[in-house]
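Observations on chain architecture
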Amino acid sequence: MFRARPTWISQDENKELVQNEIILEPTDKKAAFSVGRSNRRDVEIKLKAVSADHCKIEYKKDKGWFVHEQEKDRLSSNGTFVFMKSYH
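Below you will find a few notes about this structure. (Residues numbered from 1 in each chain as written. Predicted model: local features only at pLDDT ≥ 70, side-chain atom pairs only at ≥ 80, totals over all residues. Heavy atoms only, no water.)

1. A few points about the packing of aromatic side chains
In plain terms, the rule: Pairing of aromatic side chains here covers Phe, Tyr and the six-membered ring of Trp, requires ring centres within 6.5 Å, and sorts the geometry by plane angle: under 30 degrees stacked, over 60 edge-to-face, intermediate tilted. Numbering of helices and strands starts at the N terminus; helices are DSSP runs of H or I of at least 4 residues and strands are runs of E of at least 2.
All chains considered together, the criterion is met by 2 aromatic pairs. Summarising the aromatic geometry, the rings of Phe 2 and Trp 65 are spaced 5.1 Å apart at their centres and angled 50° between planes, so their arrangement reads as tilted. In this pair, Phe 2 sits in strand E1 (residues 2-4) while Trp 65 sits in strand E6 (residues 64-68), placing the two residues 63 residues apart along the sequence. Aromatic side chains Tyr 59 and Trp 65 sit 5.1 Å apart centroid to centroid with 55° between the ring planes, which places their arrangement in the tilted category.

Following this line, the structure appears as structure tokens:
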């Protein structure tokens, strides 16, 4: 199981629309999840700092969880951070 919480929210965001927690569980059929502001993503996060196609969260049985921006046409404008480290 992958558990995450948005930690950076600008002052002008409607905090009531922000998810408190995101939980992902891989299955045999789905082990990669697209994340972004677009409703076409598996995980939709309605924050201005999140790109429409922001990143991918992927589980590999032999290595665990990965957060990355691979397979995208361009990197997200604000970067992707895990434990306050940029993966941009």
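2. Description of the environment of Trp 65
The condition is simple: Relative accessible area decides the class of each residue, using a 1.4 Å probe on protein chains only: under 20% of the type maximum gives buried, over 50% gives exposed, and in between gives partly exposed. Contacts are residue-level and defined by heavy atoms, with any inter-residue pair within 4.5 Å sufficient.
With a relative accessible area of 24%, Trp 65 lands in the partly exposed category. Sequence-distant contacts of Trp 65, that is, excluding residues within four places in its chain, are made with Met 1, Phe 2, Leu 24, Pro 26, Phe 33, Ile 57, Glu 58 and Tyr 59.

3. What to know about the sheet that holds E6
Note the threshold: Paired strands, in this sense, are two strands between which DSSP finds at least two bridges.
Within the open sheet, the 4 strands sit side by side as E4-E3-E5-E6. Their pairing is mixed. Strands with a single pairing partner mark the edges of an open sheet, and in this sheet they are strand E4 (43-44) and E6.

4. As for the pattern of salt bridges
Test applied: A side-chain nitrogen of Lys or Arg and a carboxyl oxygen of Asp or Glu constitute a salt bridge if their distance falls within 4 Å.
With the rule as written, the count across this model stands at 4 salt bridges. With a shortest N-O distance of 3.9 Å, Asp 28 and Lys 61 are connected by a salt bridge. One end of the pair, Asp 28, is in the loop between strand E2 (22-24) and strand E3 (32-36); the other, Lys 61, is in the loop between strand E5 (55-60) and E6, and 33 residues separate them in sequence. Assessed through its relative accessible area of 76%, Asp 28 is described here as exposed. Of the charged contacts, one joins Lys 46 and Glu 44 as a salt bridge, the two residues approaching to 3.0 Å between their closest N and O atoms. Given a relative accessible area of 47%, Lys 46 falls into the partly exposed group.

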